Amino acid sequence: MAEYKTKVLIIGSGPAGYTAGIYAARAGLKPIIVSGEQIGGQLTMTNDIENFPGFATPISGMELMDKMRNQALNVGVEIIDDKITEVDFSQRPFSCSSENHNLFCGETVIIATGASARWLGLESETKFRGFGVSACATCDGFFYRNRDVAVIGGGNTAVDEAIYLTGFARSVTLIHRRDSLRADKHLQERLFANPKIRVEWDSVVDEVLGTDNPLGVTGLRLKNIKTDETKVLNVEGVFMAIGHHPNTELFKNQLKLDKDGYIETLPNSCQTSVEGVFAAGDVKDPNFRQAVVAAGSGCIAALETEKYLSAQPQK
Ligand code: FAD
Ligand code: NAP
């Protein structure tokens, strides 16, 4: 067991965490990042990233996040590969203990633990993840130009993504487990008016079908839950849009969370309900969920941290 003391403790090593680290290190604050289980964050699960500025040709998520990690190390961030299991924000310095029995004490904390997409939990879904199965139309829709795709879900995200995908795909089938959508009325009107979109009501995905060599999706076996009938829908892409959950379990009794569990921050700020604790990236952002936005948010959190620390009486 080791004890680490720092002016800025950053929890999470996605775009928000690394960017916060880079800014804090360049401000001379000697930050420590605790990387968590998923070193590099969600982007490491995806292959071609075409929308992160600075790369003229697609870059893999793993490579992009390795570059961010190296940049953070090069400017002096200390990165510890460990996972925070408990936090105490009731007194300063804030203390966080970890899976490897380390204790991290931070004069400030930046939380950048991200959010995770919900998945159906099918074995075939896991097999084709990144090879036709996606949880982000904004990220991957571009790859389905003139192809047939499906979106699973009946909320605002599913309807938004179905409409968005019609900009690329030949056809979009929305698959929903009930006979009515929970999406907002105005979105539903746009969905039903779009000639490229069809809805499969009362249906669930039984299996994602595809080929092994090359690995790729060719269709879905759907089951109608009212009739128990099954049928195959031919699609090359399937977008899961059944919700996200922010990684905020640890902070439940420490910080104000919104009704969906995202960390609440002051308007136009990363300041949480506890002074000196900041949140950046997807963990506080149910809306945009993009790497460049998370990185921007990490930058804001670090700038606010610096301002906060410089306003504290010197010991
Ligand atoms: P994350 O990237 O989720 O990182 C969270 C970090 O917190 C991880 O390092 C994790 O290990 C750490 N962590 C969690 N709990 C703990 C803990 N208890 N202790 C310590 N650390 C912890 N966006 C784009 O802009 N372009 C794309 O092409 C794109 N493609 C995507 C493809 C997929 C399959 C997915 C899932 C997402 C994609 N996104 C894309 C979205 C993008 O990945 C996210 O918006 C972005 O990663 C959010 O960054 P973040 O730093 O907030 O959190
Ligand atoms: P959501 O509102 O929770 O909807 C999730 C959808 O997925 C529901 O239709 C649900 O079905 C379905 N679902 C959940 N688990 C499933 C499973 N295992 N199998 C099949 N279907 C499943 O999530 P969201 O759409 O991501 O929205 C999250 C929040 O963001 C909401 O507050 C939303 O309003 C907001 N948002 C707003 C906008 C916008 O305003 N434009 C856009 C995106 C998101 P049931 O309906 O049967 O429960």
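Let's talk about the overall build of the protein chain
On a plain count of helices and strands, the protein chain comes out with seven helices and 17 strands. A compact globule built from 315 residues would reach a C-alpha radius of gyration of about 20 Å, and the protein chain, at 21 Å, matches this within 12%. Seen through its C-alpha atoms, the protein chain measures out along the principal axes to roughly 70 × 40 × 35 Å. By residue count, 49% of the 315 residues in the protein chain fall in the buried class.

Digging into helix α6 (residues 185-193)
Leu187, Gln188 and Leu191 are the residues of α6 that are buried. The arc enclosing the buried residues of α6, seen along the axis, measures out at 100 degrees, which places them on a common side. Exposed and facing more than 90 degrees away from the buried side of α6 are Lys185, Glu189 and Ala193.

Remarks on the sheet that holds strand β12 (residues 203-212)
In space, the three strands of this open sheet follow the order β12-β13-β14, with antiparallel pairing throughout. Both edges of this open sheet fall to β12 and β14 (230-234), since each of them pairs with a single strand only. Adjacent strand axes in the sheet meet at a mean angle of 30 degrees when their direction is disregarded. With nine bridges connecting them, β12 and strand β13 (residues 215-224) associate as antiparallel partners. Considered in β13, the bridge of glutamate 207 is made with arginine 221.

Structural notes on the site of ligand 2
Around ligand 2 there are 15 residues in total, and Asn156, Thr157, Arg177, Arg178 and Arg182 lie nearest to it. In the environment of ligand 2, an oxygen atom lies 2.9 Å from a nitrogen or oxygen atom belonging to the backbone of glycine 154. A distance of 2.7 Å separates an oxygen atom of ligand 2 from a polar side-chain atom of arginine 182. Calculation on ligand 2 without its partners gives an accessible area of 920 Å², and the protein chains cover 69% of this total. With three residues, helix α5 (residues 156-165) is the single largest residue contributor to the shell around ligand 2. Split by residue class, the shell around ligand 2 holds four nonpolar, seven polar and four charged.

Scoring rules and cut-offs
- Residues numbered from 1 in each chain as written.
- Chains lettered and ligands numbered in written order.
- Predicted model: local features only at pLDDT ≥ 70, side-chain atom pairs only at ≥ 80, totals over all residues.
- Heavy atoms only, no water.
- Helix = DSSP H or I, 4+ residues; strand = E, 2+ residues; numbered from the N terminus.
- Rg over C-alpha atoms; globule rule 2.2 N^0.38 Å.
- Buried < 20%, exposed > 50% of the residue type's maximum accessible area, 1.4 Å probe, protein only.
- Arc of directions from axis to C-beta.
- Pairing = 2+ DSSP bridges.
- Axes fitted to C-alpha atoms, helices over the stretch in contact; angles between N-to-C directions.
- Near = heavy atom within 4 Å.
- Polar contact = N/O pair within 3.5 Å; in protein donor to acceptor, adjacent residues only side chain to side chain.
- Areas by Shrake-Rupley, 256 points an atom, 1.4 Å probe, with all protein chains shown as cover.
- Nonpolar A, V, L, I, M, F, W, Y, C, P; charged D, E, K, R; others polar.

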